[in-house]
Amino acid sequence: MSEIILRDRVVADTWQIHRPEAGTSPAVPAGHVLVPLAIWLGQADVIASRSDVGVWIAPHEDPATLRDSLDRLPVVAVDFPKFTDGRGYSIGHLLRTRYGYRGELRAIGDVLPDQLDYLRRVGFDAYAVRADKDIRDALRLLTTFSEPYQNSWEPPLPAFRRVARGQVTEVPR
Amino acid sequence: MAHAAAGNAFDIGELAGMYVYDQIDRTIVAERVAQYRDQLRRFQAGTLSEDEFRPLRLQNGLYIQKHAPMLRVAIPYGLLSSTQLRMLATIARKYDRGYAHFTTRQNIQYNWPRLEDTGDILADLASVEMHAIQTSGNCVRNITSDEFAGIAPDEILDPRPMAEILRQWSTFHPEFAFLPRKFKIAVSAAAEDRAATAFHDIGLYLEKDAAGGIRVRVLVGGGMGRTPIVGVVIRQDLPWEHTLTYVEAILRVYNRHGRRDNMYKARIKILVKALGPDEFARQVEEEWVHLKDGAGLLTREEYDRVAAYFVAPVHATLPSVDAAHEARLADDVPFRRWAGRAVRPHRVPGYRAVVLSLKPTGVPPGDVTADQMNRIADWAERFGFGELRVSHEQNVILPDVRLSDLHELWQEARAHGLATANQGLLTDIICCPGGDFCSLANAKSIPIAEAVQRRFDDLDYLHDIGEINLNISGCMNSCGHHHAGHIGILGVDKDGAEWYQVSIGGADGSSAGRGRSAIGKVIGPSFAADAMPEVIARLIETYLELRADGERFIDVVERTGIAPFKTRVYATPVAAVQRAEEAVDV
Ligand code: HEM
Ligand code: SF4
């Protein structure tokens, strides 16, 4: 079974990601499964009875469409088709800060260790690190910058509201 | 994990007038050095592929160019201390070939560092509170501003505090590190726009309202490249404390909706054009409503904290006229000529700003040797407060020189090849590295600059021609700002040969072009390299014949249009060199 980082630990991944081919049946497989946004929106009422269905959203899709479903979703995943496609960062940020999502927010797709610090800060708490990368080594990159300048999901306050600026505490060598 | 900042030995007392890093700034830069070293190590060990490392190293200013890596170091809003400049010189000696290149975006580039040294270079930079963060890549780049900030008599307010606040806000912003394309922000706050503000993805003009409060006029969608566009105003009168939240709203709309399918259509200007400025502004306002009074709202306390660093050093009380200086001006013709170009007004009586030209004939525009950097650093201390500026025209400025010191400075500058009297004139060429260094180039640009400088080596003639901007780019990426040149030269590729397309009438918003921001118009088919000095000569002759009292080149182009210039240039074959059939698409 594959592994993911959940918050700050490597754990076994219990979720399947359902990526149906175009034109195939919209049926939702059994078991823990993340379905595409379109399938969720089309069948939300049917699927709603299942607690083992989550959704994944592609970067061109609008997270606002999930607004009414968020309290029923155990997992929302955002797909990064390429790690250089930064739309998912804004989607994650909106899901957390604007639409109030509090469940597991997972980055899937081309998720590389050097993106984890930024992903964490905009609101992701689960990271399906690409299989060919060393997921345990990736853990140490979760916090690369200990005192960031800006507010985002984390930290919610910018440095100028968070700490006393203008001080130098460390003695220069 | 607070790393020890690498040997930071700054004395705040010596540095009145500059931002000084606090613990947060130091920690961030130190953590960056550690992060980069780790990335480089993984790249060298093969666990980061070339494709994975590329965007990471670019966000650290590291390109892989024709000959070697190229490292671009940020000089935020163009402000440098003498200590920093000495370190830039040391780096040039230690890791490069003893020189470096000032760019049109207030950065400095090293053309020959070794990849394995780049971590050490960043550590050396960190030791003087410098970095290469986000000097390239599809992220928010170095924030640029007016090189005369804090000294210009026409200043409305000092743009540097806001530029520094934006520098911090944009540094490692988690949401905007993988934008569709690069993103450039400029800040200007004087009557004259000296930062080409309208040619930026976001241009911010700081203004004062009737009550003395700071207001921001927000432009978006300016840029050069293959689709040159002058930015449009989407917001007037934004209260200053909303600057960060408004910029955040713009970036979020762009990050989500900017095109990612075609690199040439990915800049924000294409999105603004596709939606129309009104619709774009509407989307920004809609987004901003959610942010405007949130945590990103600037506080007076933070603004004042940052602004305090930029308070002017204490100038001496001097007479506004210096008799000895006047006498030297009268007696010494070469000095007078230099002073006429190099010396700029200062708001404090008895002081002047001095622009050192990095454009002597035969030196690639913007290039400076380690020895020159050390000299300039010394002068910044002897003839000022240890502070200097770099301009988007690729020159260096000593901001606080006493009238009584100008002659001595000039003599020393002359001894070190830094007293060329061509500031603002035809040979003060803005020029990209072009085909000599850049792997994207269609054509060389440095030899064209040199050929034009050789053709116009008569100073009297140059002064007679007067204020004019000649800008050269080696390809459509427009690093040399050719679109905004009164005369612009663009390298184009025709069946593997190097050709040059000429445009006239561009303007960068500065007073050289009477404050206009405009894109130049192509005059016709392109030319071979050896025809270029003659083409420029014909343009200049046309101007001299047509000009009325006090008209500059750009004024005549504005009045007559390009027709008379075009007619003259193409009247007879230039230097018997055949022309290419048609102009490459503009
Ligand atoms: C030698 C390595 C360089 C490379 C590979 C490079 C690459 C590029 C590219 C690809 C663009 C176009 C981006 C776009 O339109 O989306 C660009 C634009 C630009 N570059 Fe460079 N460049 C280099 C050096 C420089 C230098 C030395 C300067 C300053 C002298 C500079 C300043 C600029 C500016 C001002 C623009 C135009 C920005 C705009 O489109 O608004 N670059 N560069
Ligand atoms: S304009 Fe073209 S040739 Fe010149 S530096 Fe930029 S990318 Fe290279």
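Residues numbered from 1 in each chain as written. Chains lettered and ligands numbered in written order. Predicted model: local features only at pLDDT ≥ 70, side-chain atom pairs only at ≥ 80, totals over all residues. Heavy atoms only, no water.

Turning our eyes to something else, we now look at the packing of helix H3 (residues 82-95) of chain B against helix H4 (residues 118-126) of chain B. Residue and element names in this part refer to chain B. Look at H3 against H4: their axes get within 10 Å of each other, and the N-to-C directions meet at 160°. Our classification of the angle between H3 and H4 gives roughly antiparallel. The two elements H3 and H4 cross, and the hand of that crossing is right-handed. Residues Met87, Leu88, Ile91, Lys94 and Tyr95 of H3 form the contact with H4, whose participating residues are Asp120, Ile121, Asp124 and Leu125. (Axes fitted to C-alpha atoms, helices over the stretch in contact; angles between N-to-C directions. Helix = DSSP H or I, 4+ residues; strand = E, 2+ residues; numbered from the N terminus. Parallel < 35°, antiparallel > 145°, perpendicular 65-115°, else oblique. Left-handed = near helix turned anticlockwise from the far one by under 90°. Contact = heavy atoms within 4.5 Å.)

This part is about the interface of chain B and chain A. Counting residues at the interface gives 59 residues for chain B, matched by 48 residues for chain A. Interface area for chain B against chain A, summed over the two sides, is near 4,500 Å², with a carbon-plus-sulfur share of 52%. If you sort the residues of chain B by the area they bury against chain A, Pro174, Phe178 and Arg256 of chain B come out on top, with a joint share of 17%. At the junction of chain B and chain A, the tally comes to 9 salt bridges. Between Glu287 of chain B and Arg98 of chain A there is a salt bridge, with its nearest N and O atoms 2.8 Å apart. Where chain B packs against chain A, one counts 26 residue pairs in polar contact (both at pLDDT 80 or more). For the side of chain B that touches chain A, the secondary structure elements donating two or more residues are helix H1 (23-45), helix H2 (50-58), helix H5 (160-170), helix H6 (243-257) and helix H9 (300-309) of chain B. (Buried area = accessible area lost by both parts, 1.4 Å probe. Salt bridge = Lys/Arg side-chain N within 4 Å of Asp/Glu carboxyl O. Polar contact = N/O pair within 3.5 Å; in protein donor to acceptor, adjacent residues only side chain to side chain.)

In this section: the site of ligand 2. In the vicinity of ligand 2, the residues found are Cys432, Pro433, Gly434, Cys438, Leu440, Ala441, Ser473, Gly474, Cys475, Asn477, Ser478 and Cys479 of chain B. Looking at the shell around ligand 2, its residues break down into 7 nonpolar, 5 polar and no charged. (Near = heavy atom within 4 Å. Nonpolar A, V, L, I, M, F, W, Y, C, P; charged D, E, K, R; others polar.)

This next bit is on the pattern of salt bridges. Residues and elements named next belong to chain B. Enumeration according to the criterion identifies 71 salt bridges over all chains in this entry. Close ionic contact of Arg194 with Asp154 constitutes a salt bridge, the shortest N to O distance being 2.8 Å. Pair noted here: Arg194 is in the loop between strand S7 (185-188) and strand S8 (202-208) and Asp154 is in the loop between strand S6 (144-145) and H5, with a separation of 40 residues, a long-range link. Overall, the relative accessible area of 9% leaves Arg194 in the buried class. (Buried < 20%, exposed > 50% of the residue type's maximum accessible area, 1.4 Å probe, protein only.)

Residue and element names in this part refer to chain B. Averaged over all residues, the pLDDT of chain B is 92; the fraction at 70 or higher stands at 95%. A low-confidence stretch, residues 1-14 (pLDDT under 50), is modelled with 35 contacts involving residues beyond four sequence positions or located in other chains. Contacts of residues 576-586 to residues separated by more than four positions or lying in other chains number 29 contacts, the stretch itself having pLDDT below 50. (pLDDT = per-residue confidence, 0-100.)

It is worth spelling out the site of ligand 1 at this point. All names here are of chain B. Surrounding ligand 1, one finds 25 residues, the nearest of these being Thr104, Lys182, Lys184, Arg267 and Cys479. In this structure, an oxygen atom belonging to ligand 1 sits 3.0 Å away from a main-chain N or O atom of Met224. Between ligand 1 and Arg267 there is a distance of 2.9 Å, counted from an oxygen atom to a side-chain nitrogen or oxygen. When the residues that make up the shell around ligand 1 are grouped by side-chain class, the tally is 8 nonpolar, 11 polar and 6 charged.

This part covers the domain arrangement of chain B. Residues and elements named next belong to chain B. Looking at chain B, the domain boundaries give domain 1 (16-126), domain 2 (152-309), domain 3 (323-415) and domain 4 (430-585). Distance from the C-alpha centre of domain 1 to the C-alpha centre of domain 3: 28 Å. The interface is formed by 24 residues belonging to domain 1 together with 24 residues belonging to domain 3. When residues of domain 1 are sorted by the area they lose upon contact with domain 3, Leu85, Arg86 and Phe102 head the list and together hold 30% of the total. Inspection of the domain 1/domain 3 interface yields 2 salt bridges. Here Asp378 makes a salt bridge to Arg86, at a shortest N to O gap of 2.8 Å. Inspection of the domain 1/domain 3 interface yields 13 residue pairs in polar contact (both at pLDDT 80 or more). For the side of domain 1 that touches domain 3, the elements supplying multiple residues, two or more each, are strand S3 (79-81), H3 and strand S4 (99-102). Sorting elements by how many residues they give to the side of domain 1 that touches domain 3 places H3 first, with 7 residues. Residue classes in the side of domain 1 that touches domain 3 are distributed as 13 nonpolar, 9 polar and 2 charged. (Domains from an automatic or database assignment.)

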